[in-house]
Amino acid sequence: MMVFTTVRNRAMVKTAARLGVGALALCGAGAAAQEATPPGQAASGDEIVVTANKRAEKLSNIGGAISVETGEELNAANANGLRDYVGNLPNVTLQTNGAPGFGKVIVRGISSVTLGATTGTYIDEVPIGSSTMFAAGGFLTPDLDPADLDHVEVLKGPQGTLYGASAPGGLLKFVTKLPDTDDFSIGAEEEISTVKHGGTGYSLRAHANLPIAKDTAGLRVSGFYRKDPGFIDNVATGAKNENDVTSKGIATNLLLTPSEGLSIRIGGLIQNINADAVNAVAVDRVTLLPVFGKDDTEFFVPTGNRAKIRLVSGTITYDLTPDISLVSATSYSKVTNADRGDLTNDAPLPTMRLFDVGTKKFTQEVRLLSASNQSFEWMVGAFYTKETSNRTSIFRATLPNGEPDTSFPLFLESLGDSKYREVAVFGNATYYFTPQLDLTLGARYAHNKQEIVEKDRGLLGNPDDPDVFLLSIASKPKDGVMTYSAAMRWRFDEDSMVYARAASGYRPGGPRSIPLGVTPPAGFTDSFGAEHLWNYEVGLRSSFLDNRVNLSAAAYYIDWKSIQGFIQVGDAQLQLGTFGNAGDAVSKGFELELNTRPVEGLTLGAAVGYSKATLERADPTFGAEKGDTLPYAPRWTVSLDGQYEHPISGDWVGFVGGNYRYLSKHFTSYESLAFTNPRQAVPLKGYGILDLRLGARSGNFDVTIFAKNVTNKYAYIADTTATFFGPAFESIVQPRTIGISFSQNF
């Protein structure tokens with residue numbers, strides 16, 4: 001992606017427009033068939049089974065850092081979306097752009113200012129979202145409702161060997177519930193809530209499990225409709241509580257087991273998220289204090305966000321022999337996002353920024369794997385993806401109703417069409433020297449090819465002839481990347497083990513475009529390189545006191561090379577603003593998770609993460625400096641959770657519980673940019689949020705009264721500023737929310 005201009009600020013404006021991101025815009029296994037336990041269900045006692053290594057394994061056997069939240073835990077906490085998933089996990093944060101459906105998950109501080117993903121995303125066996133920065137792959141993370149989730153896995157550290165590109169920081173994996181081929185069941189949940197100084201919200205969830213043929217076929221269908229209450233008032237238009245969000249979706253899973261050793265799973269997902277306005281408070285650029293009121297904004301044109309997911313997938317597992325299984329996973333997905341912002345403060349009249357992006361993605365993976373619990377286990381596989389993406393960025397004069405004001409010339413219209421194809425082969429093998437000691441080695445070779453065509457018009461896009469598109473065509477770079485992993489586990493007793501792991505990951509490079517007929521300046525190349533990352537960690541997992549205490553801990557060191565970012569090439573007479581390999585970084589820290597049942601009916605949990613992620617080298621034109629803390633990378637993350645249950649009467653059980661989450665101070669971009677004029681990064685103060693719940697349940701019914709952000713903590717969580725002048729705009733924690741939910745299951 002390339003911008004041609006002789007003025008540095010115009011290059012920054014135009015490239016940021018192509019990206020469409022707020023603050024940057026203007027400021028510069030399936031399991032082997034032998035595994036009888038389905039993923040997510042208890043393997044023994046209360047143990048969770050996960051598919052992190054593309055096998056069904058006990059969580060306690062995973063030789064790497066992983067955090068898991070079950071669907072039951074999410075429902076008990078009245079979770080509604082991505083922020084609720086990641087809030088309890090150590091060294092995991094969410095960068096939002098002011099509305100659900102447009103967020104980036106960050107693990108262990110591995111974050112950059114591009115729109116490319118540093119954390120990969122899977123739904124069951126298939127990846128979703130773009131692999132490149134050209135289609136905002138990092139910010140189009142699915143924000144799934146927990147209605148049909150069995151559990152959520154977050155794998156920490158690079159997952160390049162098994163999961164490929166764009167997962168250098170880790171992997172977010174949604175695991176949906178399998179149909180039951182034996183028993184019919186239905187259920188529903190209703191919720192109503194109100195937010196302090198805001199509106200009223202409500203939701204309805206329902207599911208049905210239909211056994212089509214006993215032991216042979218089953219169908220599970222679930223759906224939801226939710227309105228999250230708004231709490232931001234707009235002083236420019238007089239609108240109240242304008243940032244309410246409406247979400248709806250339906251998920252289906254069909255399971256067929258026509259013969260022993262053969263299973264076929266077909267899944268479908270449709271979800272829409274409509275945010276009527278951005279969660280953004282107008283604040284003073286210097287003091288960061290609210291200009292009008294703690295819950296007030298000033299937008300002259302409509303803002304908001306529309307996110308859509310369409311996914312169909314199929315997974316076939318077949319036992320070729322008693323010791324070898326074949327798994328085939330196929331998917332087709334379409335992810336789109338339409339984001340609206342207000343640029344009026346930088347223009348002589350009301351002006352809107354529109355950023356629409358979408359990716360159509362086809363994937364196919366085939367792998368062979370040996371049975372588990374053998375002295376030598378292995379897996380080999382091949383993967384293919386084809387992605388077609390389009391992006392539209394428009395700056396235009398706008399009428400109060402959001403329609404274009406055609407009496408004024410177009411400021412900018414930037415269009416981009418990109419393609420990404422990747423073919424990969426991978427494999428790993430585990431050898432058990434003894435039942436207590438084993439070594440796993442893995443490798444992956446991936447070859448990708450990219451292309452992008454861009455065109456721009458308008459006063460900023462083609463100042464010589466604003467009505468005509470200026471065409472930019474990039475080269476079609478090809479790149480081959482190797483990633484590796486090695487892990488050793490030692491079980492020093494039945495319930496405890498230590499491990500050491502080293503693994504690499506990468507994000508693909510990409511092409512650079514330049515307007516046709518323009519002579520590139522000195523230093524210009526037609527592509528930029530991939531990022532590469534190595535993670536080294538040691539960890540411990542242990543259960544003791546009859547599994548009443550479960551402990552996991554890990555310490556890590558990450559070496560991140562060739563970070564991608566916005567740089568300048570050329571000289572004072574001719575500059576090109578483009579993406580390039582802008583620096584190196586290091587992240588080091590630890591994670592600790594403890595869960596215990598000290599007495600009957602009482603469960604307690606604690607999670608602590610420490611991460612020091614800093615820039616070690618920076619290109620002179622990058623803007624950031626050596627030693628800067630990376631964006632959205634708090635040093636400390638803490639979560640405390642507890643619940644006590646006690647019989648009330650008959651089969652009714654009462655419960656009371658709560659959760660406390662804390663993030664320490666962090667920055668919305670590289671740390672030194674928080675002290676520039678104008679400010680290009682915002683320091684976000686540390687804050688803690690307390691949630692409480694009280695309720696009762698029987699075999700079929702559940703009623704819960706809950707309060708989120710009980711102390712009504714006021715804190716900034718993201719910077720959504722998109723202009724040089726006027727107020728800055730900061731997203732805030734949702735104020736105190738009180739509600740009640742009912743559920744029925746039969």
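Conventions we followed
Residues numbered from 1 in each chain as written. Predicted model: local features only at pLDDT ≥ 70, side-chain atom pairs only at ≥ 80, totals over all residues. Heavy atoms only, no water. Helix = DSSP H or I, 4+ residues; strand = E, 2+ residues; numbered from the N terminus. Rg over C-alpha atoms; globule rule 2.2 N^0.38 Å. Buried < 20%, exposed > 50% of the residue type's maximum accessible area, 1.4 Å probe, protein only. Areas by Shrake-Rupley, 256 points an atom, 1.4 Å probe, with all protein chains shown as cover. Lys, Arg positive; Asp, Glu negative; His and termini not counted. Charge placed at Lys NZ, Arg CZ, Asp CG, Glu CD. Phe/Tyr/Trp six-rings, centres within 6.5 Å; stacked < 30°, edge-to-face > 60°. Lys NZ or Arg CZ within 6 Å of the ring centre and 35° of its normal. Pairing = 2+ DSSP bridges. Axes fitted to C-alpha atoms, helices over the stretch in contact; angles between N-to-C directions. 1 Å grid on protein atoms, 1.4 Å probe; cavity = no way out; pocket = protein on both sides within 12 Å on 5 of 7 lines; lining within 4 Å. Points joined across faces, edges and corners; volume = space filled by probe spheres on them. Nonpolar A, V, L, I, M, F, W, Y, C, P; charged D, E, K, R; others polar. Contact = heavy atoms within 4.5 Å. Core = buried A, V, L, I, M, F, W, Y, C linked by side-chain atoms within 4.5 Å. Patch = residues over 30% accessible without salt bridge, like charges linked within 9 Å, V, L, I, M, F, W, Y side chains within 5 Å. Salt bridge = Lys/Arg side-chain N within 4 Å of Asp/Glu carboxyl O. pLDDT = per-residue confidence, 0-100.

Asker: Where do I start with the overall build of the protein in this structure?
Answerer: Check the secondary structure of the protein and you find 5 helices and 43 strands. Over its C-alpha trace the protein gives a radius of gyration of 25 Å, about what one expects of a compact globule, namely 27 Å for 746 residues. If you line up the protein on its principal axes, its C-alpha atoms span 75 × 55 × 45 Å. When burial is assessed residue by residue, the protein has 57% of its 746 residues classed as buried. In the structure as shown, the protein presents an accessible area of about 28200 Å², 59% of it carried by carbon and sulfur atoms. Of the side chains in the protein, 67 bear a positive and 79 a negative charge, and the two mean positions are spaced by 4 Å.

Asker: I'm lost on the packing of aromatic side chains in this one. Help?
Answerer: Here a ring pair, both rings aromatic, is described through the centre-centre distance and the interplanar angle of the planes. According to the stated counting rule, one finds 19 aromatic pairs in the structure shown. Geometrically, the ring pair formed by Phe-102 and Phe-139 is edge-to-face, given 5.4 Å between the ring centres and 65° between the ring planes. Here Phe-139 lies in the loop between β8 (126-127) and β9 (149-156) and Phe-102 lies in the loop between β5 (92-96) and β6 (103-107), a separation of 37 residues in the sequence. With relative accessibility at 1%, the residue Phe-102 sits in the buried group. Summarising the aromatic geometry, the rings of Tyr-610 and Trp-636 are spaced 4.9 Å apart at their centres and angled 55° between planes, so their arrangement reads as tilted. Here Tyr-610 is found in strand β34 (residues 602-618), whereas its partner Trp-636 is found in strand β35 (residues 636-649), with 26 residues between them in sequence. Exposure remark for Trp-636: the relative accessible area of 35% places this residue in the partly exposed category. Grouped by ring-pair contacts, the aromatic residues Phe-102, Phe-139 and Phe-355 constitute a single cluster. When the ring centre of Tyr-556 is taken as reference, the NZ or CZ atom of Arg-108 above it lies at 4.1 Å. Stacked on the ring of Tyr-714, the Lys or Arg Lys-294 has its end atom at 4.7 Å from the ring centre.

Asker: Help me understand the sheet that holds strand β42 (residues 728-732), please; the structure alone is not making it clear to me.
Answerer: What links the strands of a sheet is backbone hydrogen bonding, and the strands pair in either a parallel or an antiparallel sense. Taken in spatial order, the 3 strands of this open sheet run β17-β42-β41, and their pairing is antiparallel. The outermost strands of the open sheet, each flanked by one partner alone, are β17 (281-283) and β41 (716-719). Sheet twist, expressed as the average angle between the axes of neighbouring strands with direction ignored, equals 45°. Looking at chain direction, β41 and β42 are connected through 3 bridges and run antiparallel. Looking at the pairing, Asp-719 lines up with Glu-730 of β42.

Asker: When you look at empty space enclosed by the protein in this model, what are you seeing that I'm missing?
Answerer: The rolling of a water-molecule-sized probe over the atoms marks out the regions of remaining empty space. By volume, the second largest cavity is sized at about 240 Å³. For the lining of the second largest cavity, the secondary structure elements donating two or more residues are β7 (119-123) and β22 (376-397). Among the elements that line the lining of the second largest cavity, the one with the most residues is β7, at 4 residues. Classifying every residue of the lining of the second largest cavity gives 11 nonpolar, 11 polar and 2 charged.

Asker: How do you make sense of the environment of Gly-402 when you look at a structure like this?
Answerer: By the element assignment, Gly-402 lies in the loop between β22 and β23 (412-434). Accessibility expressed as a relative area gives 13% for Gly-402, which makes it buried. Once the C-alpha coordinates of Gly-402 and Arg-697 are considered, the two residues, 295 residues apart in sequence, prove to be 48 Å apart. Discounting residues that sit within four places of it in the chain, Gly-402 has contacts with Pro-302, Met-352 and Arg-396.

Asker: What is the right way to read the sheet that holds β9 from this model?
Answerer: Here we have 5 strands laid out as an open sheet, ordered β4-β9-β10-β7-β8, and mixed in their pairing. Edge positions in the sheet fall to β4 (66-70) and β8, since each of these pairs with one other strand and no more.

Asker: Explanation requested: the nonpolar core in the structure shown.
Answerer: With 33 residues, the main nonpolar core has Tyr-85, Val-105, Leu-144 and Phe-174 as its most contacted residues. Breaking this core down by element, the ones donating at least two residues are α4 (82-86), β5, β6, β9, β10 (170-176), β19 (304-321), β20 (324-342) and β21 (351-370). Apart from residues no more than four positions distant in its own chain, Val-105 is found in contact with Leu-82, Val-86, Val-92, Thr-93, Leu-94, Thr-118, Thr-119, Thr-141 and Leu-172. Ile-62, Ile-66, Leu-369 and Tyr-420 belong to the second largest nonpolar core, which has 22 residues in total.

Asker: Is there a simple way to explain a negative patch on the surface in this structure?
Answerer: A cluster of acidic residues, Asp-493, Glu-494, Asp-495 and Asp-546, forms a negative patch on the protein surface. As for its placement among the helices and strands, Asp-493 is situated in strand β26 (residues 478-493).

Asker: Looking at this structure, how should I read the environment of Ala-188?
Answerer: Mapped onto the secondary structure, Ala-188 falls in strand β11 (residues 185-195). Judged by its relative accessible area of 22%, Ala-188 falls in the partly exposed class. If near-sequence neighbours (up to four positions away) are discounted, Ala-188 is found in contact with Arg-205, Ala-206, Phe-742, Ser-743 and Gln-744.

Asker: Please clarify how a nonpolar patch on the surface should be interpreted in this entry.
Answerer: Taken together, Phe-184, Ile-186, Leu-210, Ile-648, Trp-652, Phe-701 and Phe-746 make up a surface patch of nonpolar side chains, about 670 Å² in accessible area. Assignment of secondary structure puts Ile-648 in strand β35. On the accessibility criterion, Ile-648 (56% relative accessible area) is exposed.

Asker: Which parts of the structure should I look at to understand the confidence of the model for the protein?
Answerer: For residues with low pLDDT, the predicted coordinates do not support detailed interpretation. With 93% of its residues at a pLDDT of 70 or more, the protein has an overall mean of 90. Note that residues 1-45 has pLDDT below 50 and, in this model, 160 contacts with residues that lie over four places away or in other chains.

Asker: Explanation requested: the pattern of salt bridges in the structure shown.
Answerer: A side chain with one charge can pair with a side chain of the opposite charge if their charged atoms come near. Going through the model one piece at a time under the given rule, you end up with 29 salt bridges. One salt bridge connects Asp-145 with Arg-205, and the closest N-O pair in it is separated by 2.9 Å. Separated by 60 residues along the polypeptide, Asp-145 in the loop between β8 and β9 and Arg-205 in strand β12 (residues 200-213) bring together distant segments of the chain. Take Asp-145 and Arg-205: they sit in the same class, and that class is buried. A salt bridge links Asp-438 to Arg-489; the nearest nitrogen and oxygen atoms lie 3.0 Å apart. With Asp-438 in strand β24 (residues 437-457) and Arg-489 in strand β26, the pair connects residues that are 51 residues apart, well separated along the chain.

Asker: Looking at this structure, I do not really get the pairing of β9. What am I missing?
Answerer: A regular strand places its side chains so that they alternate between the two faces of the sheet. Of all 8 residues in β9, 8 are buried; the element is thus mostly enclosed. Looking at chain direction, β4 and β9 are connected through 5 bridges and run antiparallel. Bridge assignment links Glu-69 to a residue of β9, and that residue is Val-152.

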